Amino acid sequence: MAVTITLAMLIIVGFLAGIRLMQSPRTALWGNRLGALSMLVAIAWTFVYTGQAILSTALVYIAIGGLIGLILGQSVKMIHMPQTVALLNGLGGAASALVVWAAVISYHGEGAEMLFWGTSGLALGVGALTLSGSIIAVLKLQGLAFRQAVQLKGHGHILRAAILLAVLLVLINMSLPGQYYFQLLPVVALLGLLAGFFMTLRIGGADMPIVISLLNSFSGIAASIAGLAVENVILAGTGALVGVAGMILTRIMCRAMNRSLFSVLAGFTPGKKEAETVPPEEEQSAIDESPAKSKVAEEEAESAVAEGSEDNLPDIINQAQRIIIIPGYGMAVAQAQNAVEQLLDALEGKGKEVKFAIHPVAGRMPGHMNVLLAEAGIDYEKLMDLDAINPQFDHADLAIIVGACDVVNPAANAAEGTPISGMPILNAEKARHVIVCNIDEKPGYSGVDNLLYEQDHVHTFWGDAAETIPQLTGMIGQVS
Amino acid sequence: MILAMFIILAAAALLGYKVISAVPPLLHTPLMSGMNALSGITVIGAIAVFFTAPPGAEGWAAAALILGMINVAGGFWVTERMLRMFKGKAKESEVQEIPWQ
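Residues numbered from 1 in each chain as written. Chains lettered and ligands numbered in written order. Predicted model: local features only at pLDDT ≥ 70, side-chain atom pairs only at ≥ 80, totals over all residues.

Enquirer: Residues and numbers for the overall build of chain B, please.
Expert: Within chain B, the regular secondary structure consists of five helices and zero strands. Secondary structure elements of chain B occur, N-terminal to C-terminal, as α-α-α-α-α. Here the contacts in chain B between residues at least 6 apart in sequence split such that 66% fall between residues at least 24 apart. (Helix = DSSP H or I, 4+ residues; strand = E, 2+ residues; numbered from the N terminus. Contact = placed C-beta atoms within 7 Å.)

Enquirer: Can you tell me about the environment of L265 of chain A, naming the residues and giving the values?
Expert: Residue and element names in this part refer to chain A. Assignment of secondary structure puts L265 in helix α10 (residues 261–265). On the basis of neighbour count, L265 is assigned to the partly exposed category, with 18 C-beta atoms found within 10 Å. Separated by 109 residues in the primary sequence, L265 and G156 have C-alpha atoms spaced 9.5 Å apart. (Buried ≥ 20, exposed ≤ 12 C-beta atoms within 10 Å, placed from the backbone.)

Enquirer: Let's hear about the sheet that holds strand β6 (residues 458–460) of chain A: which residues, and what values?
Expert: All names here are of chain A. Within the open sheet, the six strands sit side by side as β3-β2-β1-β4-β5-β6. Their pairing is parallel. For this open sheet the edge positions go to β3 (383–385) and β6, each flanked by a neighbour on one side alone. Adjacent strand axes in the sheet meet at a mean angle of 25° when their direction is disregarded. Pairing of strand β1 (residues 322–327) with strand β2 (residues 353–358), which is carried by four bridges, proceeds in the parallel orientation. By the bridge assignment, R322 is partnered in β2 with E353. (Pairing = 2+ DSSP bridges. Axes fitted to C-alpha atoms, helices over the stretch in contact; angles between N-to-C directions.)

Enquirer: Lay out unusual backbone geometry with the relevant residues and their values.
Expert: All names here are of chain A. For E231, which is not glycine, the phi torsion reads 50° and is therefore positive. Its location among the elements puts E231 in the loop between α8 (208–229) and α9 (233–257). Assessed through the 17 C-beta atoms surrounding it within 10 Å, E231 is described here as partly exposed. Although it is not a glycine, Q335 adopts a positive phi angle of roughly 50°. Inspection of the secondary structure puts Q335 in the loop between α14 (329–334) and α15 (337–349).

Enquirer: Before we move on, could you go through the nonpolar core and cite the residues and values that matter?
Expert: In terms of nonpolar packing, the biggest core is built from 204 residues, with V99, A102, I326 and V402 of chain A together with A61 and L65 of chain B touching the most fellow members. Broken down by element, the residue count for this core peaks at 18 residues, all from helix α4 (residues 81–107) of chain A. Aside from chain neighbours lying at most four places away, what touches V99 of chain A is A226 and V230 of chain A together with T42, G45, A46, V49, A61 and A64 of chain B. (Core = buried A, V, L, I, M, F, W, Y, C linked by C-beta atoms within 7 Å.)

Enquirer: Outline the interface of chain B and chain A, listing residues and values.
Expert: If you look at the interface, chain B gives 80 residues, while chain A gives 97 residues. Every element with two or more residues in the side of chain B that touches chain A is listed here: α1 (2–21), α2 (28–39), α3 (42–52), α4 (55–85) and α5 (89–92) of chain B. Here the side of chain B that touches chain A takes 28 residues from α4 of chain B, the largest share from any one element. Within the side of chain B that touches chain A, the residues separate by chemical class into 55 nonpolar, 19 polar and six charged. (Nonpolar A, V, L, I, M, F, W, Y, C, P; charged D, E, K, R; others polar.)

Enquirer: Requested: an account of the packing of α4 of chain A against α3 of chain B, with residues and values cited.
Expert: The N-to-C vectors of α4 of chain A and α3 of chain B enclose an angle of 25°; their axes lie 9 Å apart at closest approach. Taken together, α4 of chain A and α3 of chain B sit at an angle that is classed as roughly parallel. In the packing of α4 of chain A onto α3 of chain B, the handedness of the crossing is left-handed. Residue-level contacts link G92, A95, S96, V99, A102, A103 and S106 of chain A of α4 of chain A to T42, G45, A46, V49 and T52 of chain B of α3 of chain B. Each residue belonging to the contact of α4 of chain A with α3 of chain B can be placed in one class, and the counts come to six nonpolar, six polar and no charged. (Parallel < 35°, antiparallel > 145°, perpendicular 65-115°, else oblique. Left-handed = near helix turned anticlockwise from the far one by under 90°.)

Enquirer: So, α9 of chain A: which residues are in play, and what are the values?
Expert: Residue and element names in this part refer to chain A. Taking 1.5 Å as the rise per residue, α9 with 25 residues should run 36 Å; its terminal C-alpha atoms sit 36 Å apart, in good agreement. With 22 of 25 residues buried, α9 lies mostly within the body of the structure. Trailing α9 by a residue or two, N258 shows a phi angle of about 55°, which is positive. (Expected span 1.5 Å × (residues − 1).)

Enquirer: Which residues make up the domain arrangement of chain A, and what values do they have?
Expert: All names here are of chain A. Taken as a whole, chain A is organised into domain 1 (1–72), domain 2 (84–267) and domain 3 (290–475). Spacing between the C-alpha centres of domain 2 and domain 3 amounts to 38 Å. Listed as interface residues are 15 residues of domain 2 and, on the opposing side, 10 residues of domain 3. Within the residue set of the side of domain 2 that touches domain 3, elements represented by two or more residues are α8 and α9. Its residues assigned to classes, the side of domain 2 that touches domain 3 shows 11 nonpolar, four polar and no charged. (Domains from an automatic or database assignment.)

Enquirer: Provide a residue-level description of the environment of G118 of chain A, including the pertinent values.
Expert: Along the polypeptide, G118 of chain A turns up in helix α5 (residues 114–141). Taking the C-alpha atoms as reference points, G118 of chain A and P327 of chain A, 209 residues apart in sequence, are found 47 Å from one another.

Enquirer: An account of the confidence of the model for chain A is needed here, citing residue identities and associated values.
Expert: The predicted model of chain A has a mean per-residue pLDDT of 85, with 89% of residues at 70 or higher. When the criterion is pLDDT under 50, residues 271–309 of chain A qualifies, and its contacts beyond four places in sequence or with other chains add up to 52 contacts. (pLDDT = per-residue confidence, 0-100.)

Enquirer: Run through the environment of I221 of chain A, naming residues and quoting values.
Expert: Residues and elements named next belong to chain A. Secondary-structure assignment places I221 in helix α8. With 126 residues separating them along the chain, I221 and L347 place their C-alpha atoms 47 Å apart. When residues no more than four places from it in sequence are discounted, the contact partners of I221 are V126, G239 and G243.

Enquirer: Go over the pairing of β1 of chain A, please, and point to the residues and values.
Expert: Residue and element names in this part refer to chain A. Most of β1 is tucked away, with five of its six residues classed as buried. Sheet topology note: the β1/strand β4 (residues 398–402) ladder contains five bridges and is parallel. For I325, the partnering residue across the bridge sits in β4 and is I400.

Enquirer: Give me the lowdown on the pairing of β2 of chain A, citing residues and values where you can.
Expert: Strand direction decides the pairing type here: β2 of chain A and β3 of chain A, joined by three bridges, are parallel. Among the inter-strand pairings, A357 of chain A is bridged to a residue of β3 of chain A, identified as M384 of chain A.

What follows is the structure, given as structure tokens:
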């Protein structure tokens, strides 16, 4: 027993130390590896503890799952990270629910206690909720179904009723300790699935970072409760770690959008124009498929210079010394991160100082923009978060916005009573010049018109960022 | 045992809160995929149940084992791939110019 507890603590400390190393990008890789090592020790110890030979049928299932996981991890594109994390959230929840169900069938006759019935029922419900909620999130993120928030008749009532009924059934199952478990617990699982479905269905595009963080947390909570049910200290402790991490991220995301978790879950969709959020991806991919894109872009660059003489973008770019680039979800949709990297190279080639301003909720999951820019080969030291970059806009000669709208909208500070009022924004308007490379002038997810577009020092350059950014790059060095 | 379990759970949550709060926004995506891997810890519960389960329950435990391992392997590997892409100035200097150019 003492050995079990000591080893459990060691493994959890291993995970904690791994996360500690993740506090800096220099050591994060080793943090991840330390986590993987701790996991390996935990799995090996479980074989020893249960007194089973490593070479057993369990190893076959471990190999199958591990292989699928490696293939998934190797083949997934960075642009699809939000979907991937959402999918893994769901699988984690499902695994916890299955473990608990297997434990219930195995141990129900052995004088199981109330704690066992309570925790197993809860783990089953939360795990099922995480699974169905994550499946809906994956469908939304992948653009396969329910891309917009779907609000059904009596939506909130169904959701609340499902959760209440599930809790009630868990309590009933606890009080009759497990007599009707075979009838009650599957219903709990079904209600959990239903609740997850209804919870995620009415959540729209830009609220996805919050939902993914929340489901991340739920997958950990399900594992932790399952750990209590099967009396496994390592499982309970590690699950709690994941649950806490998800909750921290959920809170950061909510703050960055100035919204309460409740209003997000209530499906409160800000603004009136919810249908016009991000440009549909079909349009984007149609444009992306032209192979000779960069050549076309170069030719267009010249024509754009001729037309846009009013704003004289080449002069603005070439005269700017300190430049801040602000990427948003539109950059991810247009897959313009490599074009942005080329722009960065060209600007730095002229000795200009370039930084990136990353808003916490830019993209579809926490840290989404950082991963895309890192993949494009951009030095992470240039990627600054909100608090670090905001004072620097005052001294910036130029801010280039690439597919970001709400996170730079001064209405958040200026106007009262809009959905984004009070939301912390990037102060792009403080820069001497601003170039906006968004797809069109439609408002962002919040539906609030962007006050930036009307200002004199703001130059709008509408179009697909995969085309407009190379045009900007083409202007560098041009003398007008 | 139950008491020890709750104490460790609470300690892990508290320490986790402290350590995770300090992870910079730059690394939030790898943090989440890393957490996906950690939630795969359910496999150890699945292994324990698998070996003690009556024949009827084995299948459920095996399914949990497979799903949990997808999380463990997929989560850690995708995090590894992602973190390898984060390059700072230190690494840039390693890229040497080819002398004969």
